[in-house]
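# Structure assessment
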Amino acid sequence: GFSGIDCSIPVSEPTWVDEFDGEKLDAERWHVYVGCRGGGNGEEQCYTSQEDNVLVRDGSLVLRAVREDYGGTREGCSDP
């Protein structure tokens, strides 16, 4: 260990909290990125806000990757 050094970290209150206690994601507090342009790093995937991908369950935010076939263009990607 270190001697003579105070390694304690002061405890502070969080500046923002979401308990995810609703039935679905609160759109007033959260923005879900939707698009097929690779998330900024050229990924070959689309991001959607469909309930299969973004959901609230038992007080937790659940983000799921779901493999699906997509026949559209990157420019036309949007939620149904």
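In what follows, the structure referred to is the one given above.
In what follows, the accompanying structure is described. (Residues numbered from 1 in each chain as written. Predicted model: local features only at pLDDT ≥ 70, side-chain atom pairs only at ≥ 80, totals over all residues. Heavy atoms only, no water.)

## Re the overall build of the chain
Counted only if it meets this: What counts as a helix is a DSSP run of H or I of at least four residues, what counts as a strand is a run of E of at least two, and both are numbered from the N terminus. With a 1.4 Å probe rolled over the protein chains alone, any residue whose accessible area is under 20% of its type maximum counts as buried; one over 50% counts as exposed, and the rest are partly exposed. Residues count as neighbours in contact if any of their non-hydrogen atoms are within 4.5 Å of one another.
In terms of regular secondary structure, the chain is built from 0 helices and 2 strands. Considering the chain as a whole, with its 80 residues, one finds that 16% of them fall into the buried category. Contacts in the chain between residues at least 24 apart in sequence constitute 41% of all its contacts with a sequence separation of at least 6.

## As for the environment of Leu25
With respect to the secondary-structure elements, Leu25 resides in the segment before strand E1 (54-57). Taking the relative accessible area as the measure of exposure, Leu25 reaches 19% and is therefore buried. For the pair Leu25 and Val56, spaced 31 residues apart in the sequence, the C-alpha separation amounts to 6.0 Å. Not counting the four nearest positions on each side in its chain, Leu25 is found in contact with Phe20, Trp30, Val32, Val54, Val56 and Leu61.

## Re the pattern of salt bridges
When charged atoms on two side chains of opposite charge get close, those side chains can pair. What counts, and what does not: In the sections that follow, a salt bridge refers to a side-chain nitrogen of Lys or Arg positioned within 4 Å of a carboxyl oxygen of Asp or Glu.
Applying the stated criterion across every chain, the model contains 1 salt bridge. Residue Arg29 pairs with Asp18 through a salt bridge whose shortest N-O separation is 3.5 Å. With Arg29 in the segment before E1 and Asp18 in the segment before E1, this residue pair connects regions lying 11 residues apart in the sequence. For Arg29, a relative accessible area of 38% translates into the label partly exposed. Residue Asp18 is classed as buried on the basis of its relative accessible area of 17%.

## What to know about the pairing of strand E2 (residues 60-63)
Rule in force here: Two strands pair under a simple rule: DSSP has to find at least two bridges between them.
Where E1 meets E2, 4 bridges bridge the pair, whose relative direction is antiparallel. Considered in E2, the bridge of Arg57 is made with Ser60. Turn length for the E1-E2 hairpin, with the two strands adjacent in sequence and antiparallel, is 2 residues, and the turn residue Asp58 shows positive phi of about 50 degrees.

## Points about a negative patch on the surface
Put simply, the rule is: The residues that make up patches have over 30% relative accessible area and no salt bridge, and they are joined within 9 Å when like-charged or within 5 Å when they are Val, Leu, Ile, Met, Phe, Trp or Tyr. A 1.4 Å probe and the Shrake-Rupley method give the accessible areas. Residues count as covered only by the protein chains that appear here. Asp and Glu count as negative and Lys and Arg as positive, but His and the ends of the chain are not part of the count. Charge positions are represented by NZ for Lys, CZ for Arg, CG for Asp and CD for Glu.
Together, Glu51, Asp52, Glu68 and Asp69 give the surface a local cluster of negative charge. Its location among the elements puts Asp69 in the segment after E2. Using a relative accessible area of 84% as the deciding quantity, one classes Asp69 as exposed.

## A look at the packing of aromatic side chains
The test is simple: Stacked, tilted and edge-to-face pairs are distinguished by plane angle, under 30 degrees for stacked and over 60 for edge-to-face with tilted covering the rest, among Phe, Tyr and Trp rings (Trp via its six-membered ring) whose centres lie within 6.5 Å.
Summed over all chains, the structure comprises 3 aromatic pairs. The interplanar angle of 65 degrees and the centroid separation of 5.4 Å between the aromatic rings of Tyr33 and Tyr47 together place this pair among those described as edge-to-face. One end of the pair, Tyr33, is in the segment before E1; the other, Tyr47, is in the segment before E1, with 14 residues separating them in the sequence. Exposure remark for Tyr33: the relative accessible area of 41% places this residue in the partly exposed category.

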